[in-house]
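If you want the building blocks of each chain, they are given just below.
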Amino acid sequence: MPLSIEERERFLAEPHVGALSVASGEEDRAPVTVPIWYGYEPGGELWITTERDSRKAQLIAAAGRFSVMVDRVAPTVRYVSVEGEVVSVEPSTDTELKDMTERYLAPEAAAAYMKDVLPTLGPSVTIRLRPKRWLSADMGVVG
């Protein structure tokens, strides 16, 4: 059964690992799909951080849009998929990188990631998407 607007936005706001899809730009290839950490607050824009020179960032810049799907399996199978246009691409701030890391990792792991991993990555950008099209369902709800 489809989720209400409020249910789908609340579900998307939870810290699921998403699957990001973006056009590959190649006629004989399917979209590129990769796991992604993301941020979202109900009614707002979905945002991701990624290395500025990554293939993902280049493909998103070329396409001007992407989609993200999140799901869970318990207590019932539920998913939300959102697609939209890129509204901004800006250098990531330290606060954005910290917020994203702490959204997904326990405090000790987040501190270690920020100390040991982030410095090894290239410059990051924060890409914001304005949700335009949604698909959602709770497969355990009948009716």
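Structural data are supplied above this passage.
Keep in mind it's a predicted model, so treat the numbers as computed, not measured.

**Student:** Just checking my understanding: could you explain the sheet that holds strand β6 (residues 124-138) for this structure?
**Tutor:** In sheet architecture, strand pairing relies on hydrogen bonds along the backbone and comes in two forms, parallel and antiparallel. Read across the open sheet, the six strands follow the order β2-β1-β4-β5-β6-β3; overall the sheet is antiparallel. Edge positions in the sheet fall to β2 (32-36) and β3 (46-51), since each has one partner strand and no second. Each strand of the sheet is rotated relative to its neighbour by a mean of 30 degrees, with strand direction disregarded. Note: strand β4 (residues 65-72) against strand β5 (residues 78-91), eight bridges, orientation antiparallel. Across the sheet, R65 pairs through a bridge with E85, a residue of β5. Along the sheet, helix α1 (residues 5-13) contacts β3, β4, β5 and β6; its crossing angle with β5, the most-contacted strand, is approximately 65 degrees. Sheet strands touched by helix α2 (residues 55-63): β1 (18-22), β2, β3, β4, β5 and β6. Its angle to β1, the strand with the most contacts, is close to 55 degrees.

**Student:** Looking at this structure, I do not really get the pattern of salt bridges. What am I missing?
**Tutor:** Pairs may arise between side chains of opposite charge once their charged atoms sit close together. Under the counting rule described, the total for this entry stands at 11 salt bridges. Two residues, E83 and R133, come together in a salt bridge whose shortest N-O distance is 2.8 Å. In this pair, E83 sits in strand β5 while R133 sits in strand β6, placing the two residues 50 residues apart along the sequence. With a relative accessible area of 17%, E83 lands in the buried category. E102 is the salt-bridge partner of K98, the closest N and O atoms lying 3.0 Å from each other. Of the two residues, K98 and E102 are both situated in helix α3 (residues 94-104); the distance of four residues between them amounts to about one turn of the helix. Since its relative accessible area comes to 39%, K98 is described here as partly exposed.

The rules we used
- Numbering of residues starts from 1 in every chain and runs along the sequence as written.
- In keeping with the predicted nature of the model, local features appear solely for residues at pLDDT of at least 70, side-chain atom pairs appear and are counted solely at 80 or more, and the whole-chain, interface and lining totals rest on all residues.
- For the side-chain quantities, the full set of heavy atoms in the structure was used; hydrogens and water were omitted.
- At least two bridges found by DSSP between two strands are what make those strands a pair.
- By definition, any uninterrupted DSSP run of H or I lasting at least four residues is a helix, any uninterrupted run of E lasting at least two residues is a strand, and each is numbered from the N terminus.
- Structural elements are reduced to axes, namely lines fitted to C-alpha atoms, with helices fitted over the stretch in contact, and the angle between N-to-C directions of any two is expressed from 0 to 180 degrees.
- Every residue pair with non-hydrogen atoms within 4.5 Å of one another is taken to be in contact.
- Whenever a carboxyl oxygen of Asp or Glu lies within 4 Å of a side-chain nitrogen of Lys or Arg, that contact is scored as a salt bridge.
- Each residue gets one of three labels from its accessible area relative to the maximum for its type: buried under 20%, exposed over 50%, partly exposed in between, using a 1.4 Å probe on protein chains only.

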